[in-house]
Amino acid sequence: MAEHQYSSYGCFLIVPLKYDADTLNHTALEQIGHSVPMSTMDLNENVKAMLEPSGPAAVGSGYVIPAAALTAPLTAPTGEASGSSFLVSLHDKSYSFSLWDSWLYVFHTRVAFLCLSLSFSRMDTLKAICNPGWAHNPAVFSWVDSAGTPHVFSLEQWLSDLLNPLGLHKFFDGDSSYLLDSYAYNFTVVPNWFDDLEPIRRITFNLHKMMPPDAPMEDQAEEDIRYVYAAKNQDHNAYRWGCCVTSQTISYVVADETLDLEAQREAQAADGLPVVLLALYEKYTCLRFTQLITGMKKNALKELKALKELMLNFQAFGTVTPANLSRWHNVKQIYASLLEVNDIPTAVQDISAKLNILASHQEALEHAKSETVINLITLFGIVSILASVLSIVQILSDGNTVIWISTILTTVMLALVTALAILRR
């Protein structure tokens, strides 16, 4: 097989976000972006309906955010109309990359994902952007204006200025970076099909490690890696694409004679990105429920019931099994691998168990309160009965024959009605 040539690389850097139901700014969101229709044929129709913006079965919706809207918080002070060229500098090295129209997916379970669409000519660029394996990233970011002048900016401040007006916030509170828990969706194109699977494994593994595809790289310590391939094409007697799935990245290599990375970007955004987002939505929904439970006020039964109802809807209508995802086996394999390496089914069961325990505890507290009220009512009832008996005795002692006859007849009638009710029961 001829040596592969790499033109450039693309990446959807998926940043997890959260929001509160009463603070999400739908108006501002619709002003900066427009809805994404589900056009992919890789998903079954019922799964596509889950991501349709206004469908009755929708669990969320996606928006395309133009690059100009993304960079508006950066370029506004300088008067630039837009800026999509960037530099990242780390350890005295600078790498250039571009920002394209990106996607923002908002789900009903109070989680969202900003999918920044990037491209770069060196795979090392993504490593400088994300700094994998470290909680802190010392990289310096700059955007480049039309004259080629770089302008240093704070990545964290930029994302805050972009997202906070929409009611969206960093998923985990604290001083950690927005990109600390980001998920990297990498892809590249090569001119030749693959005669066997080994080159696919090597290239996609290197992309996962954010290293050049031809670099010698091996790591036996990683156990959360799964490989999925296209079916062998009988006309070419070769494989067209393959991917490497891990808990923090998914990396594709696709054969395309024209090396059209932009066409591949559109295809990956339409077909592959929804699959990854469905898995991440399930993962982060469980984490979001944990946050909401932890921050819940003590004895907030109404809030707990609302959260449990949200969880029941999520389990019943918001989760997808691999068998129901797609008509294509390799797409189902990718999704199943994402669920497995992130241990998402266990997370769903765990959060459900936590909610049930809390609900049972709250119901026990409410039952204890009800018992106390009932006991008080019973006590007052007994006192009332004694007072009534004394009143009746007083009336009878001073009464005439008519009162006695009326009392006896009323007692007999009540006894008969009670006996009849017991017999009918």
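Anything mentioned here points back to the structure above.
This structure is a prediction, so every number in the text was calculated from the model and none was measured.

Draft legend 1. How the structure looks around a nonpolar patch on the surface. Taken together, the side chains of Ile408, Val412, Met413 and Leu416 present a nonpolar region at the surface, about 390 Å² in accessible area. In this fold, Val412 is placed in helix H12 (residues 401–424). What makes Val412 partly exposed here is its relative accessible area of 41%.

Draft legend 2. Here's a closer look at helix H10 (residues 329–341). Over its 13 residues, H10 extends 18 Å from the first C-alpha to the last, a length consistent with the 18 Å expected when each residue adds 1.5 Å. Every buried residue belonging to H10 is among Asn330, Val331, Ile334, Tyr335, Ser337, Leu338, Leu339 and Val341, and all of these are buried. At the exit of H10 stands Asp343, carrying a positive phi of roughly 55°.

Draft legend 3. Fine view of the nonpolar core. In this structure, Ile14, Trp103, Phe113, Leu325 and Ile334 are the most contacted members of the largest nonpolar core, which totals 61 residues. In this structure, Ala128, Phe153, Leu155 and Leu159 belong to the second largest nonpolar core, which totals 57 residues.

Draft legend 4. Spatial organisation of empty space enclosed by the protein. Enumeration according to the criterion identifies two cavities of 30 Å³ or more in this entry. Considered as a void within the structure, the largest cavity measures approximately 110 Å³ in volume. Leu13, Phe86, Phe97, Leu99, Leu116, Leu118, Ile129, Phe141, Phe153, Leu155, Trp158 and Leu179 are the residues that line the largest cavity. Elements with a contribution of two residues or more to the lining of the largest cavity: strand E5 (93–107), strand E6 (111–120) and helix H5 (155–163). Taken together, the residues of the lining of the largest cavity sort by class into twelve nonpolar, no polar and no charged. Empty space within the second largest cavity amounts to approximately 50 Å³. Lining the second largest cavity, in full, are Pro16, Lys170, Phe171, Phe172, Ser176, Ser177, Tyr178 and Asp181.

Basis of the calculations
Residues numbered from 1 in each chain as written. Predicted model: local features only at pLDDT ≥ 70, side-chain atom pairs only at ≥ 80, totals over all residues. Heavy atoms only, no water. Patch = residues over 30% accessible without salt bridge, like charges linked within 9 Å, V, L, I, M, F, W, Y side chains within 5 Å. Areas by Shrake-Rupley, 256 points an atom, 1.4 Å probe, with all protein chains shown as cover. Salt bridge = Lys/Arg side-chain N within 4 Å of Asp/Glu carboxyl O. Helix = DSSP H or I, 4+ residues; strand = E, 2+ residues; numbered from the N terminus. Buried < 20%, exposed > 50% of the residue type's maximum accessible area, 1.4 Å probe, protein only. Expected span 1.5 Å × (residues − 1). Core = buried A, V, L, I, M, F, W, Y, C linked by side-chain atoms within 4.5 Å. 1 Å grid on protein atoms, 1.4 Å probe; cavity = no way out; pocket = protein on both sides within 12 Å on 5 of 7 lines; lining within 4 Å. Points joined across faces, edges and corners; volume = space filled by probe spheres on them. Nonpolar A, V, L, I, M, F, W, Y, C, P; charged D, E, K, R; others polar.

Geometric descriptors of this kind do not, in isolation, establish any biological role.
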